[in-house]
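Overview (structure and organization)
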Amino acid sequence: MKNKLLLIIIFMLFTFPVFSQSKSQVTSYLATLFQIVEHKKTEEFYATLYPKFKEQIPEDQISSFLGELHSNPNFKTEIKNSKIIEIGKIIKDKNKAYALVDYVSETHIEFTDKATETLMDKGRKHFKKLYGARYWYDDDKKLIVTSKDFKIVMVYENERWSHIPGAIKLKPYLNYWIEEKIIDSLFND
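Definitions and cut-offs
- Throughout, residues of each chain are indexed from 1 in the direction in which the sequence is written.
- Side-chain atom pairs in this predicted model are given and counted only at pLDDT of 80 or more, local residue features only at pLDDT of at least 70, and totals for whole chains, interfaces and linings cover all residues.
- The side-chain figures draw on all heavy atoms in the structure; neither hydrogens nor water molecules are used.
- Helix and strand definitions follow DSSP, with helices as H or I runs of at least four residues and strands as E runs of at least two, each counted in order from the N terminus.
- For every residue, the accessible area obtained with a 1.4 Å probe (protein chains only) is divided by the maximum for its type, and the residue is called buried under 20%, exposed over 50%, and partly exposed between those limits.
- Working rule for contacts: check all heavy atoms of both residues, and any pair within 4.5 Å makes them a contact.
- For the area figures, the Shrake-Rupley method with a 1.4 Å probe applies, and any residue is considered shielded solely by the protein chains shown.
- Nonpolar cores were defined as sets of buried Ala, Val, Leu, Ile, Met, Phe, Trp, Tyr and Cys residues, with membership established by side-chain atoms within 4.5 Å.
- When a carboxyl oxygen of Asp or Glu is within 4 Å of a side-chain nitrogen of Lys or Arg, the pair counts as a salt bridge.
- Each patch groups residues whose relative accessible area exceeds 30% and which form no salt bridge, using 9 Å between like charges and 5 Å between nonpolar side chains of Val, Leu, Ile, Met, Phe, Trp and Tyr.
- Working convention for charge: Lys and Arg count positive, Asp and Glu count negative, and His plus the chain ends are omitted.
- The atom standing in for a charge is NZ when the residue is Lys, CZ when it is Arg, CG when it is Asp and CD when it is Glu.

Helix and strand counts for the chain come out as eight helices and six strands. By residue count, 38% of the 189 residues in the chain fall in the buried class. Taking the intrachain contacts of the chain between residues at least 6 apart in sequence as the baseline, contacts between residues at least 24 apart amount to 62%. Accessible area for the chain stands at about 12,200 Å²; split by element, carbon and sulfur atoms hold 56% of it.

Set out below in structure tokens:
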């Protein structure tokens with residue numbers, strides 16, 4: 001009897017880090033992620049991505065895309081007011097944990113003096129069509145504000161959380177990084 005109890009205690013000690021994961025730890029991770037995005041910290045953002053996902057997307061691609069976006073002479077972009085909508089059930093498997101997270105954030109696009117009226121008109125029409133009721137334009141500030149819901153998959157591995165962005169668009173490819181049964185549980189619970 002003592003041996004069984006000892007085995008149970010040893011098993012719990014080795015599995016404790018995964019099984020101790022909670023929604024509050026996911027919330028803490030997301031608060032940090034939102035700050036990284038709002039402050040346009042490209043290298044830190046790349047570091048938060050799930051390592052197996054990063055094998056498919058080199059850092060220079062992310063840096064190049066975000067660099068072009070943030071240095072466009074016609075407009076300035078900012079991500080603001082990110083808020084968690086829901087953290088799904090944390091699913092545990094072997095030495096990993098997973099969660100599907102829904103959140104919302106606003107994108108602010110402020111046209112600069114270099115932007116032509118034609119470009120601004122085209123931008124306003126494009127974003128109004130794309131976002132509908134979640135689109136707002138301030139003519140005085142030449143500012144477009146959009147609001148969008150996002151889904152990301154959180155992965156706890158090697159004693160740290162990371163994430164895979166764009167979970168809806170990437171859903172057909174998630175099985176490259178996550179077992180199918182876990183994906184089904186994330187999206188069906």
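We now examine unusual backbone geometry. The phi dihedral of Lys-40 falls on the positive side, at around 55°, and the residue is not glycine. Within the fold, Lys-40 resides in the loop between helix 2 (23-38) and helix 3 (42-48). On the basis of relative accessibility, which here comes to 34%, the residue Lys-40 falls in the partly exposed class. The phi dihedral of Asn-158 falls on the positive side, at around 55°, and the residue is not glycine. Tracing the chain through its elements places Asn-158 in the loop between strand 5 (143-157) and strand 6 (160-164). Its relative accessible area of 66% is what places Asn-158 among the exposed residues.

What follows covers the nonpolar core. Looking at soluble globular proteins, one finds that nonpolar side chains tend to be buried together. Residues Val-26, Leu-30, Val-153, Met-154, Ile-164, Ile-178 and Leu-186 are the most contacted members of the largest nonpolar core, which totals 37 residues. Secondary structure elements with two or more residues in this core: helix 2, helix 3, helix 5 (59-70), strand 3 (96-111), strand 5, strand 6 and helix 8 (180-188). Residue contacts for Ile-164: discarding those within four places in its chain leaves Tyr-50, Phe-53, Ile-152, Val-153, Leu-170, Leu-174, Trp-177 and Ile-178.

Our next topic: the pattern of salt bridges. Applying the stated criterion across every chain, the model contains eight salt bridges. The salt bridge partner of Glu-157 is Lys-96, with a shortest N-O separation of 3.1 Å. Taken together, the residues span a long stretch of sequence, with Glu-157 in strand 5 and Lys-96 in strand 3 at a distance of 61 residues. With a relative accessible area of 14%, Glu-157 lands in the buried category. Residue Lys-96 is classed as buried on the basis of its relative accessible area of 14%. Residues participating in the shared-partner salt-bridge network are Glu-117, Asp-121, Arg-124 and Lys-125.

Residue position: Gln-35 is located in helix 2. The class for Gln-35 is partly exposed, based on a relative accessible area of 41%.

Right, let's talk about a negative patch on the surface for a bit. A cluster of acidic residues, Glu-43, Glu-44, Glu-59 and Asp-60, forms a negative patch at the surface. Elements represented by at least two residues in the negative patch include exactly helix 3 and helix 5. Position of Glu-44 relative to the elements: it lies in helix 3.

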